[in-house]
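Here is what each chain is made of, one letter per residue.
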Amino acid sequence: MDKLLYDRLGSSAGITQIVNEVVQAHMNNPAINARFLPLKEQPEHLASITKHTIEFFSAGSGGPETYSGKDMVTAHTGMNISRGEFTHVIDDVLQVLENNNIDEESKKDVLAILWSLKSMVISQ
Ligand code: HEM
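Residues numbered from 1 in each chain as written. Predicted model: local features only at pLDDT ≥ 70, side-chain atom pairs only at ≥ 80, totals over all residues. Heavy atoms only, no water.

(A) Layout of the site of the ligand. Residues in contact with the ligand amount to 23 residues; listed here are only the nearest, H45, H52, K70, H76 and I81. Within the backbone of K70, one N or O atom sits 2.8 Å away from an oxygen atom of the ligand. H76 places a side-chain nitrogen or oxygen 2.9 Å from a nitrogen atom of the ligand. When atoms are counted within 2 Å of each cavity's grid points, the one that captures over half of the ligand is the largest pocket. Listing elements by their share of the shell around the ligand, those giving two or more residues are α3 (33–36), α4 (43–60), α5 (72–76) and α6 (83–99). Sorting elements by how many residues they give to the shell around the ligand places α4 first, with five residues. (Near = heavy atom within 4 Å. Polar contact = N/O pair within 3.5 Å; in protein donor to acceptor, adjacent residues only side chain to side chain. 1 Å grid on protein atoms, 1.4 Å probe; cavity = no way out; pocket = protein on both sides within 12 Å on 5 of 7 lines; lining within 4 Å. Sits in = over half its atoms within 2 Å of the grid points. Helix = DSSP H or I, 4+ residues; strand = E, 2+ residues; numbered from the N terminus.)

What follows is the structure, encoded as structure tokens:
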């Protein structure tokens, strides 16, 4: 498969849609929504995190966007995120990719990228 992962995810518009749906999925997932629901009380902060996450997925999949958020360790420091919570986040992402008809190869590519970030996100 030689097409960029960025394009396979639908480039800017597709990734924006995917990230918005992932945020919604986290809000609806009882295993992790305590982490995310409080952000609804801070709409500007939530918009900034969502924007950064769109940039992160875009830049990380080969797109032209620049990531302007915190590095992964800093972003998750003090949260003491568990392996179980990490798995729920990955499940939500894969389900959203499925709902958006993203092909199997691309889902595996996203999974590999997320998995590679595990030690930066959990137990920080
Ligand atoms: C590989 C998996 C993950 C990736 C790629 C990721 C990515 C990100 C990004 C890009 C941000 C925005 C940082 C910024 O705005 O500077 C963020 C923030 C956040 N992440 Fe993650 N994350 C992951 C896993 C998790 C997990 C497992 C949880 C908890 C269940 C979590 C909870 C949060 C929360 C609550 C914030 C907002 C922090 C704040 O209020 O500033 N993340 N994440």
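(B) Here's a closer look at the coordination of the iron atom of the ligand. Donation to the iron atom of the ligand from the protein comes from one atom only, H76 (NE2), at 2.1 Å. In this fold, H76 is placed in helix α5. (Donors = N, O, S within 2.8 Å, 3.2 Å for Na, K, Ca; no water.)

(C) Structural detail: the layout of surface pockets. Its boundaries defined by the atoms lining it, the largest pocket holds a volume of some 1100 Å³. Lining of the largest pocket is provided by 35 residues; of these, F36, I49, T53, A75 and H76 occupy positions nearest its centre. Residue assignment for the lining of the largest pocket shows that the elements contributing at least two residues are α2 (11–28), α3, α4, α5 and α6. In terms of residues, the lining of the largest pocket owes the most to one element, α4, which gives nine residues. (Points joined across faces, edges and corners; volume = space filled by probe spheres on them.)

(D) Layout of helix α7 (residues 104–116). The end-to-end C-alpha distance of α7 is 18 Å, a good match for the 18 Å that 13 residues give at a rise of 1.5 Å each. Looking at the buried residues of α7, the elements they touch are α1 (5–8), α4, α6 and α8 (118–121). Put simply, D103 is the residue that caps the front of α7, since its side-chain oxygen is 3.3 Å from the backbone nitrogen of E105. (Expected span 1.5 Å × (residues − 1). Contact = heavy atoms within 4.5 Å.)

(E) The arrangement of the packing of aromatic side chains in detail. According to the stated counting rule, one finds two aromatic pairs in the structure shown. Taking 6.1 Å as the distance between ring centres and 55° as the angle between the ring planes, the aromatic pair formed by F86 and W115 counts as tilted. Highlighted residues: F86 in helix α6 and W115 in helix α7, separated in sequence by 29 residues. (Phe/Tyr/Trp six-rings, centres within 6.5 Å; stacked < 30°, edge-to-face > 60°.)

(F) Quick look at the pattern of salt bridges. Under the definition given, this model contains five salt bridges. Of the charged contacts, one joins K107 and E98 as a salt bridge, the two residues approaching to 2.7 Å between their closest N and O atoms. E98 sits in the partly exposed class, given a relative accessible area of 44%. Among the ionic pairs, E104 bridges to K107, the shortest N-O distance being 2.9 Å. Of this pair, E104 and K107 both sit in helix α7, three residues apart, which is roughly one turn of that helix. Taking relative accessible area as the criterion, E104 reaches 51% and is therefore assigned exposed. Each of E98, E104 and K107 takes part in salt bridges that share partners, so that together they form one network. (Salt bridge = Lys/Arg side-chain N within 4 Å of Asp/Glu carboxyl O. Buried < 20%, exposed > 50% of the residue type's maximum accessible area, 1.4 Å probe, protein only.)

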